[in-house]
Amino acid sequence: MGERCAWCGTDPLYVAYHDTEWGVPEYDARALWEKLILDGFQAGLAWITILRKRENFRTAFDGFDPRRIARWGEADVVRLLGDPGIVRSRAKIEAAIGNARAWERIEDSRGFAAFLWDFVDGRPVQNAWAGMAEVPAQTDTSRAMSKALKAEGFRFCGPVIVYAFMQATGMVNDHVVTCPRHAAVARLAPPG
């Protein structure tokens, strides 16, 4: 059995995330939106910080129901700014609310999951990195997705954030080839 991707270290929460979630193809529009929002909250922070607060975020953000969040206003921003269980950034909170409205428009017109997965032709990109040093921070595809999301009104979705999102949601398989999850995640791709 090979070694896990080095980025998850030995923290049990991080290891569990690596072993069960990271890189697994996600096709649910709400779950994709949640992950994109959490990746936006990560900007400037370590992912483990967000992972440790994820359940608090889920509670504070009504289970990440974008249709409910799209109706929020200033009172909700103030409430969230007072919640020590989440990252209290006005810009990120306001972006999440605006992103819920953008999600709703995309979901109602063509489907949010389809919108995102079209960037990889509906199938996870199967990379074969020998080591983490080879894994890019962004790609042409993440730059294109970022640009398209911004054109739809999304914020906190630059190409680096979007690439991390693509990795997490299985749009790309960036487990290194020596990691046992590389082959396991590759098998989760739909037949093509």
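Residues numbered from 1 in each chain as written. Predicted model: local features only at pLDDT ≥ 70, side-chain atom pairs only at ≥ 80, totals over all residues. Heavy atoms only, no water.

## Let's talk about the overall build of the protein chain
Looking only at helices and strands, one finds 10 helices and 2 strands in the protein chain. Reading the secondary structure of the protein chain in the N-to-C direction produces α-α-α-α-α-α-α-β-α-α-β-α. Its C-alpha radius of gyration of 16 Å places the protein chain within 12% of the 16 Å reference for a compact globule of 192 residues. For the protein chain, the spread of C-alpha atoms along the principal axes amounts to about 50 × 35 × 25 Å. Buried positions account for 49% of the 192 residues belonging to the protein chain. (Helix = DSSP H or I, 4+ residues; strand = E, 2+ residues; numbered from the N terminus. Rg over C-alpha atoms; globule rule 2.2 N^0.38 Å. Buried < 20%, exposed > 50% of the residue type's maximum accessible area, 1.4 Å probe, protein only.)

## Structural notes on unusual backbone geometry
A positive phi angle, near 55 degrees, is found at Asp-121, a position not held by glycine. Position of Asp-121 among the secondary structure elements: in the loop between α7 (112–117) and β1 (125–126). Note on Asp-121: relative accessible area 73%, which makes it exposed. Unusually for a residue other than glycine, Phe-156 sits at a positive phi of about 55 degrees.

## Re the nonpolar core
What tends to happen in soluble globular proteins is that the nonpolar side chains get buried as a cluster. In this structure, Phe-61, Phe-112, Leu-149 and Phe-154 are the most contacted members of the largest nonpolar core, which totals 57 residues. When sequence neighbours within four positions are dropped, the list of residues in contact with Leu-149 reads Leu-36, Phe-112, Phe-115, Leu-116, Phe-154, Cys-157 and Val-162. (Core = buried A, V, L, I, M, F, W, Y, C linked by side-chain atoms within 4.5 Å. Contact = heavy atoms within 4.5 Å.)

## Focus: the pattern of salt bridges
Counted under the stated rule, the structure contains 16 salt bridges. For the salt bridge of Glu-152 with Arg-110, the shortest nitrogen-to-oxygen distance reads 2.7 Å. Pair noted here: Glu-152 is in the loop between α8 (140–151) and α9 (159–168) and Arg-110 is in the loop between α6 (90–109) and α7, with a separation of 42 residues, a long-range link. On the accessibility criterion, Glu-152 (24% relative accessible area) is partly exposed. The exposure class assigned to Arg-110 is partly exposed, which follows from its relative accessible area of 44%. (Salt bridge = Lys/Arg side-chain N within 4 Å of Asp/Glu carboxyl O.)

## Focus on the packing of aromatic side chains
What describes a pair of aromatic rings is the distance from one ring centre to the other and the angle between the planes of the rings. Counted according to the given criterion, the structure contains 15 aromatic pairs. Measuring from ring centre to ring centre gives 4.4 Å for Tyr-27 and Trp-117, while their planes differ by 25 degrees; the resulting arrangement is stacked. Pair noted here: Tyr-27 is in the loop between α1 (12–20) and α2 (29–42) and Trp-117 is in helix α7, with a separation of 90 residues, a long-range link. According to the relative accessible area criterion, Tyr-27 is partly exposed, its value standing at 38%. (Phe/Tyr/Trp six-rings, centres within 6.5 Å; stacked < 30°, edge-to-face > 60°.)

## Points about the side chain of Ser-146
You can see Ser-146 is positioned in helix α8. The class for Ser-146 is buried, based on a relative accessible area of 2%. At a separation of 2.6 Å, a polar atom in the side chain of Ser-146 contacts the main-chain carbonyl oxygen of Cys-157. Excluding residues within four positions of it along the chain, Ser-146 makes contact with Cys-157, Gly-158, Pro-159 and Val-162. (Polar contact = N/O pair within 3.5 Å; in protein donor to acceptor, adjacent residues only side chain to side chain.)

## Structural notes on α8
Taking 1.5 Å of rise per residue, 12 residues should cover 16 Å, and α8 covers 16 Å from first to last C-alpha, within 8% of that figure. Residues Ser-142, Met-145, Ser-146, Ala-148 and Leu-149 constitute the buried set of α8. The arc enclosing the buried residues of α8, seen along the axis, measures out at 165 degrees, which places them on a common side. In α8, those exposed residues whose orientation departs by more than 90 degrees from the buried face are Asp-140, Lys-147 and Ala-151. Looking at the buried residues of α8, the elements they touch are α2, α7 and α9. Taken from the residues just after α8, Gly-153 is the one with a positive phi, measuring 105 degrees. (Expected span 1.5 Å × (residues − 1). Arc of directions from axis to C-beta.)

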